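Letter by letter, the chains look like this.
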Amino acid sequence: MNLDVLYTMNDGYVPQVAASALSLIDRNPGKHTFHVFSFGISEENVEKLRNMVMEKGCDFWVYSVGDIEQRLGFQVDTLGFHISVLARLFVGSILPETVEKVLYLDGDTIVLEPLDELWNLSLIHI
C-alpha cells in the first residue's frame, strides 16, 4: 500500500511531524509520498524531514502556501491556533492533479496501527 499523506505545518511542528511520519512508515510498509503545506519552514528543517523520509524509501514534497487570508479573501480569527490549520481547505488547488486521494494528518498524530482499512474506505464524490 502506497499512501499520499498531507501535513500542514510551520517550523514549530518539525519534531512532531517527524515522529508522526516515522510512526506511519513503521506501521505501514510501502513507498509513501509525504506532502507538506509549509508556513515558513526553514530550508534546514525541510532537508532534515526530506532526508528522514527518503532514507525510508518514501517521497517528500513541500508546497509554500503563502497568505491563507488572501486565499480566503477575508481576515480570520483562529482563536489562538496557527492559521496553517486552514490550509487543508485548499488541498484541491495546491496538490498536483496526479494526487487522487490524500490522507490528512495533524502533525502530532502518532500512527499505532496499519491504515489499510481507513485508506481503502470508499468515499463518495459529489
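Please read these numbers as outputs of a predicted model, since none were measured by experiment.

A. Spatial organisation of the packing of aromatic side chains. In this structure the tally under the stated criterion is two aromatic pairs. Both rings, one in Tyr7 and one in Phe34, keep their centres 6.4 Å apart while their planes meet at 10°; by these two values the pair is stacked. One end of the pair, Tyr7, is in strand S1 (residues 4–9); the other, Phe34, is in strand S2 (residues 33–38), with 27 residues separating them in the sequence. For the pair formed by Tyr7 and Phe34, the shared burial category is buried. Relative to Tyr63, the ring of Phe37 lies with its centre 5.9 Å away and its plane at 85°, an arrangement referred to as edge-to-face. Residue Phe37 is found in strand S2, and its partner Tyr63 is found in strand S3 (residues 59–64); the two are separated by 26 residues along the sequence. You'll find Phe37 and Tyr63 in the same group, each marked buried. Above the ring of Trp119, the side-chain terminus of Lys101 is found at 5.0 Å from the ring centroid.

B. Structural context of the sheet that holds strand S4 (residues 103–104). Strand order in the open sheet made by the four strands is S3-S2-S1-S4, with parallel pairing throughout. The open sheet has two edge strands with one neighbour each: S3 and S4. Looking at chain direction, S2 and S3 are connected through six bridges and run parallel. Note that in S3 the partner of His35 across the bridge is Trp61. Taken strand by strand, helix H1 (residues 14–27) contacts S1 and S2, and its axis lies near 170° from that of S1. Along the sheet, helix H2 (residues 43–55) contacts S1, S2 and S3; its crossing angle with S3, the most-contacted strand, is approximately 155°.

C. Seen up close, H2. Under the 1.5 Å per step criterion, the end-to-end length of H2 is 18 Å for 13 residues, consistent within 8% with the ideal 18 Å. Of all the residues in H2, the buried ones are Asn45, Val46, Leu49, Met52 and Val53. Down the axis, H2 shows its buried residues gathered within 135° of arc, on one side only. The outward face of H2, more than 90 degrees from its buried face, is lined by the exposed residues Glu43, Glu44 and Glu55. Among the structural elements, S1, H1, S2 and S3 are those in contact with the buried residues of H2. Trailing H2 by a residue or two, Gly57 shows a phi angle of about 85°, which is positive.

D. Seen up close, the layout of surface pockets. Taken as a whole, the largest pocket encloses approximately 380 Å³ of empty space. Together, 15 residues line the largest pocket, and Glu100, Lys101, Val102, Leu103 and Leu123 are the ones closest to its centre. At the level of elements, helix H4 (91–94) and helix H5 (116–119) are the ones that each hand at least two residues to the lining of the largest pocket. A breakdown of the residues in the lining of the largest pocket according to their chemical character gives ten nonpolar, two polar and three charged.

Basis of the calculations
- Residues numbered from 1 in each chain as written.
- Predicted model: local features only at pLDDT ≥ 70, side-chain atom pairs only at ≥ 80, totals over all residues.
- Heavy atoms only, no water.
- Phe/Tyr/Trp six-rings, centres within 6.5 Å; stacked < 30°, edge-to-face > 60°.
- Helix = DSSP H or I, 4+ residues; strand = E, 2+ residues; numbered from the N terminus.
- Buried < 20%, exposed > 50% of the residue type's maximum accessible area, 1.4 Å probe, protein only.
- Lys NZ or Arg CZ within 6 Å of the ring centre and 35° of its normal.
- Pairing = 2+ DSSP bridges.
- Contact = heavy atoms within 4.5 Å.
- Axes fitted to C-alpha atoms, helices over the stretch in contact; angles between N-to-C directions.
- Expected span 1.5 Å × (residues − 1).
- Arc of directions from axis to C-beta.
- 1 Å grid on protein atoms, 1.4 Å probe; cavity = no way out; pocket = protein on both sides within 12 Å on 5 of 7 lines; lining within 4 Å.
- Points joined across faces, edges and corners; volume = space filled by probe spheres on them.
- Nonpolar A, V, L, I, M, F, W, Y, C, P; charged D, E, K, R; others polar.

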